[in-house]
Amino acid sequence: MAEDDAPAEESSGGGKKKLIFLIILALVLIGLSVGGTVVALKVLSPPPEPVESESTEEPAEEVKVPAIYYPIKPSIVVNYGHKGRQRYAQVDVTLLIRDPTIVSAIELHAPTIANALVLTIGGQIYEEMQTAEGKELLRQECLQEIQKILEEEVGSAGVEQVLFTNFVMQ
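About the thresholds
Residues numbered from 1 in each chain as written. Predicted model: local features only at pLDDT ≥ 70, side-chain atom pairs only at ≥ 80, totals over all residues. Heavy atoms only, no water. Core = buried A, V, L, I, M, F, W, Y, C linked by side-chain atoms within 4.5 Å. Buried < 20%, exposed > 50% of the residue type's maximum accessible area, 1.4 Å probe, protein only. Helix = DSSP H or I, 4+ residues; strand = E, 2+ residues; numbered from the N terminus. Contact = heavy atoms within 4.5 Å. Axes fitted to C-alpha atoms, helices over the stretch in contact; angles between N-to-C directions. Parallel < 35°, antiparallel > 145°, perpendicular 65-115°, else oblique. Left-handed = near helix turned anticlockwise from the far one by under 90°. Nonpolar A, V, L, I, M, F, W, Y, C, P; charged D, E, K, R; others polar.

K.L.:
Please explain the nonpolar core as it appears in this structure.
P.N.:
Taken as a class, soluble globular proteins show a tendency for nonpolar side chains to be buried jointly. Counting 29 residues, the largest nonpolar core has Leu95 and Ile106 as the members making the most contacts within it. Elements represented by at least two residues in this core include exactly strand S1 (68–82), strand S2 (85–97), helix H2 (100–108), helix H3 (110–122), helix H4 (126–129), helix H5 (132–153) and strand S3 (159–169). Broken down by element, the residue count for this core peaks at six residues, all from H5. Once residues lying within four places of it in the same chain are set aside, the contact partners of Leu95 are Ile68, Tyr69, Tyr70, Ile72, Ile106, Ile146, Val159, Gln161 and Val162.

K.L.:
Teacher, can you tell me more about the packing of H3 against H5 here?
P.N.:
Each pair of packed helices can be described by the angle between their axes along with the distance between the axes. It is at 10 Å that the axes of H3 and H5 come closest, and there the two elements cross at 150 degrees. Judged by the angle between their axes, H3 and H5 are roughly antiparallel. Seen from above, H3 lies across H5 with right-handed handedness. Packed against H3, whose contacting residues are Thr112, Ile113, Ala116, Leu117, Thr120 and Ile121, the element H5 presents Leu138, Glu141, Cys142, Glu145, Ile146, Ile149 and Leu150 at the interface. Considered class by class, the residues forming the contact of H3 with H5 number nine nonpolar, two polar and two charged.

Right, here's the structure in full:
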């Protein structure tokens with residue numbers, strides 16, 4: 001019996017040594033991975049920009065003009081023929097503007113802008129407008145149409161964003 005116990009103790013001791021060796025090996029590999037990542041980030045990161053003395057040049061700070069939110073009234077309502085039924089969409093549009101002089105141009109050309117929005121929103125496929133991607137694409141198309149109108153009429157795009165503040169489809 002003493003002979004039977006001896007090999008069992010040796011194999012369990014060898015198993016523990018293998019387990020400890022594997023744990024140490026795993027820790028070393030993790031350490032190398034983290035170290036390699038840190039070194040790669042330092043090597044690939046752009047160099048810090050040199051600090052210029054303020055006495056020789058004035059820094060050109062770009063002052064961000066506060067946003068002006070201009071709602072297009074009334075709401076844009078369009079109808080769609082979908083699977084033999086009449087469907088409707090009601091969209092409230094608000095424009096994000098930074099230049100106060102553009103507000104008067106938008107008020108002056110409001111009928112042209114409203115017409116462009118009705119045609120753009122009404123020209124969409126009903127199923128596509130039900131997805132988030134379809135609404136985002138529609139928003140971008142409306143922005144391009146309004147910017148094109150303002151560019152032709154005023155000479156400046158002026159509108160930074162088109163925001164849908166209400167979007168109802170039934």
